[in-house]
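Residue strings, one per chain:
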Amino acid sequence: MAPWLMVALLLVNFVLMALDARESSSGKLVVRSWTQTVADFVQSPVTTVSAAVSNYFSSIANLRSAQDENTNLKQRVQELEVELRQKDGLSNENERLRSLLQLKDESKYKVLTARIIGRDPSAWFNASIINRGSLDGVTLNMPVVTDGGIVGRVTAVSPLTSQVDLITYSKSGVGGIVGEVGATNALGVVVGTGKTDILEMKYVPGTAEVEVGQPIFTTGQDGIYPAGLKIGEIVNVTRGSATTAHKIEIRPAAKLNSMQEVGILLYQPPQKPEFEQRVTPDQKKK
Amino acid sequence: MEGVKLTIAIIIAVVLQWTLRNVADFFMFVDFPLIIVVYAALQRNSIRALLFATISGVAVDALSGGLLGASGFTMTVIAFIIAEAARRVYLDNLILRIPVIAGASILNSVLFFGIHKLFGQEPAGSLVFIGAYSLIGTMIGGTLIFLLLDAISAGKLKPRKREMFAQRRQTRRRNPIRLTK
């Protein structure tokens, strides 16, 4: 009995894996989205309770340093007040100039805030689960950001939750540029290394000027992330030559290990021209 | 009664696996469902162990970035091997069970990594690094959980204790041939 049951269960698992692998390439993750939805009913309340307990104990621990922090914060408030007055002046000036140029103040993308309700239970992957799903308007490949910089993209969507693959995942790739878009020609691809605190930028021409400490921004050419979002800062450069590319190590701008809340950009990349779109096998046959 | 205890244990194990990484990163290296599956397989009830393995594996995979069913597959194989081994070899001693947990952890890592490679999915970590840390975490966690589960089943506590620290039997031998008077 047991050997037959084992064979049957292995077959079930194998079919699940095959379906999941097929779905992940096609983008329609039906099986995964439903299993996630079922799991969410248990995971979400448990995470809320465990987070509350964890926060309670950490708040007790933090009380010790609260007095020092209070002094520092008072000083910081004073500094910020001065800064705010300066910015008020700049804002007024900006308003005047805008009205002169008759520019409309409109934000580029809508941001949907989400809470991280779970992290990957397996040590082999580093995905995060957020509490927004297709019912909130989230779709596959939407960029996820924090106030620091980009976090990753949505890789699976269920009605109530979504799964986010971080930019540090070794299979992720983001089109990046050293410095502001249009200011330099140091374009490349930022890929994950599997480590949580280091990214790697590839294909930057060896002749391009790059320095440690320079910021890296998205170019918008990958068809997922809009241009101008901060990816991170250069921490190490292995210089290339006229024929070899630089090898650049980047520290992500977003605090990927400690983030609690993220923003999902409800952004749809512009449609590519027809010649750039992928040709399906059926079209090839024709 | 044993079945109810193990069912509750596997549910708690899955919930812990889902949530403990939020509390501390180290817990990702302790494979709670695998520990309970190994424990269930050592009870010589292979059908229960196989069902636990598949269900808990799929539950963990549902919230993971990996392939759905990969953990279920690896844990089912491990459950079957251990259940069959437990029927043939004496493995009721805690000292003997520690290498079993270690072996299960290593096999789990190798199979999980291999399956993902086979399906063209690259896991985020290296086999050696994650395999080694999982081995340490699962072995420590497994030993403690095994002790706890043994202690909970109070009826079995006394024999287990005796088996755990089995004393060498000292038999008094008498030489039937007397060389001297």
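What counts and how
- Per chain, the residues get numbers from 1 upward, laid out in the order the sequence is written.
- Chain letters start at A and ligand numbers start at 1, both assigned in the order the entries are written.
- Totals for whole chains, interfaces and linings use every residue, but because this is a predicted model, local features are given only for residues with pLDDT of at least 70 and side-chain atom pairs only at 80 or more, for both listing and counting.
- Under the DSSP-based scheme used, a helix requires at least four consecutive residues in state H or I and a strand at least two consecutive residues in state E, with every element numbered from the N terminus.
- Whether a residue is buried, exposed or partly exposed is read from the other C-beta atoms within 10 Å of its own C-beta, which are placed from the backbone; 20 or more gives buried, 12 or fewer gives exposed, and intermediate counts give partly exposed.
- We call two residues in contact when their backbone-placed C-beta atoms lie within 7 Å.
- Gly falls in the polar group here, along with every residue not listed as nonpolar (Ala, Val, Leu, Ile, Met, Phe, Trp, Tyr, Cys, Pro) or charged (Asp, Glu, Lys, Arg).
- Across the chain, each position has a pLDDT score giving the predictor's confidence in that residue, from 0 to 100.
- By this definition, two strands are paired if DSSP reports at least two bridges between them.
- Helix axes are fitted to C-alpha atoms over the stretch in contact, other axes to C-alpha atoms as well, and angles between N-to-C directions run from 0 to 180 degrees.
- Each angle is binned into one of four classes, with values under 35 degrees roughly parallel, values over 145 roughly antiparallel, values of 65 to 115 roughly perpendicular, and all other values oblique.
- In this scheme, a crossing is called left-handed if the near helix is turned counterclockwise away from the far one by less than a right angle; it is called right-handed if the turn is clockwise.
- Segment limits for the domains were obtained from an automatic or database-derived domain assignment.
- Residues enter a nonpolar core if they are buried, belong to Ala, Val, Leu, Ile, Met, Phe, Trp, Tyr or Cys, and are joined to the set through C-beta atoms within 7 Å.

1. So, the overall build of chain A
A count of helices and strands for chain A gives four helices and 12 strands. When burial is assessed residue by residue, chain A has 30% of its 286 residues classed as buried.

2. Description of the interface of chain B and chain A
Many structure descriptions define interface size as the accessible area lost when the parts assemble. Opposite the 40 residues of chain B that make contact, chain A presents 42 residues. Sorting the residues of the side of chain B that touches chain A by element identifies helix 1 (2-23), helix 3 (46-62), helix 4 (70-88), helix 5 (94-118) and helix 6 (127-152) of chain B as the ones contributing at least two each. Looking at the side of chain B that touches chain A, the element that brings in the most residues is helix 3 of chain B, giving eight residues. Considered class by class, the residues forming the side of chain B that touches chain A number 24 nonpolar, 14 polar and two charged.

3. Focus on the confidence of the model for chain A
Of the residues in chain A, 86% reach a pLDDT of 70 or more, and the chain-wide mean stands at 80. Across residues 103-107 of chain A the pLDDT falls below 50, and counting only partners more than four positions away or on other chains, this stretch makes two contacts in the model.

4. Some words on the sheet that holds strand 10 (residues 230-238) of chain A
Residue and element names in this part refer to chain A. Spatial strand order, 6-7-8-11-10-9: six strands in a closed barrel with antiparallel pairing. Across the sheet, the mean angle separating the axes of adjacent strands is 40° when strand polarity is ignored. Relative to strand 10, strand 9 (residues 215-218) is paired through three bridges, and the arrangement is antiparallel. Bridging across to strand 10, Ile216 finds its partner in Gly232.

5. Some remarks on the packing of helix 1 of chain B against helix 3 of chain B
All names here are of chain B. Where helix 1 contacts helix 3, the two axes come as close as 10 Å, and the packing angle between them is 20°. With respect to helix 3, the element helix 1 is oriented roughly parallel. In this structure, the crossing between helix 1 and helix 3 has a hand that is right-handed. Residues Gly3, Leu6, Ile10, Ala13, Val14 and Gln17 of helix 1 form the contact with helix 3, whose participating residues are Arg48, Phe52, Ser56, Ala59 and Val60. Residues belonging to the contact of helix 1 with helix 3 are distributed by class as follows: seven nonpolar, three polar and one charged.

6. Structural notes on the environment of Ala51 of chain A
All names here are of chain A. Position of Ala51 among the secondary structure elements: in helix 2 (residues 30-63). Looking at Ala51, the number of C-beta atoms within 10 Å reads 17, which means it is partly exposed. Along the backbone, Ala51 and Ile117 are 66 residues apart, and their C-alpha atoms lie at a distance of 9.1 Å.

7. Some details on the domain arrangement of chain A
Residues and elements named next belong to chain A. We note that the domain assignment places domain 1 (2-61), domain 2 (67-101) and domain 3 (109-268) within chain A. For domain 1 and domain 3, the distance between their C-alpha centroids amounts to 24 Å. On the side of domain 3, 11 residues touch domain 1, which itself brings 11 residues to the contact. Its residues assigned to classes, the side of domain 1 that touches domain 3 comprises two nonpolar, seven polar and two charged.

8. Details of the nonpolar core
With 98 residues, the main nonpolar core has Ile36, Val37, Val38, Ala41, Ala79 and Ile82 of chain B as its most contacted residues. If one sorts the elements of this core by residue count, helix 2 (residues 32-42) of chain B sits on top with 10 residues. Two domains share this core, each providing at least three of its residues, namely domain 1 (2-61) and domain 3 (109-268) of chain A. Among all residues touching Ile82 of chain B, those that are not within four sequence positions of it are Val38, Ala41, Leu42, Val100 and Ala104 of chain B.

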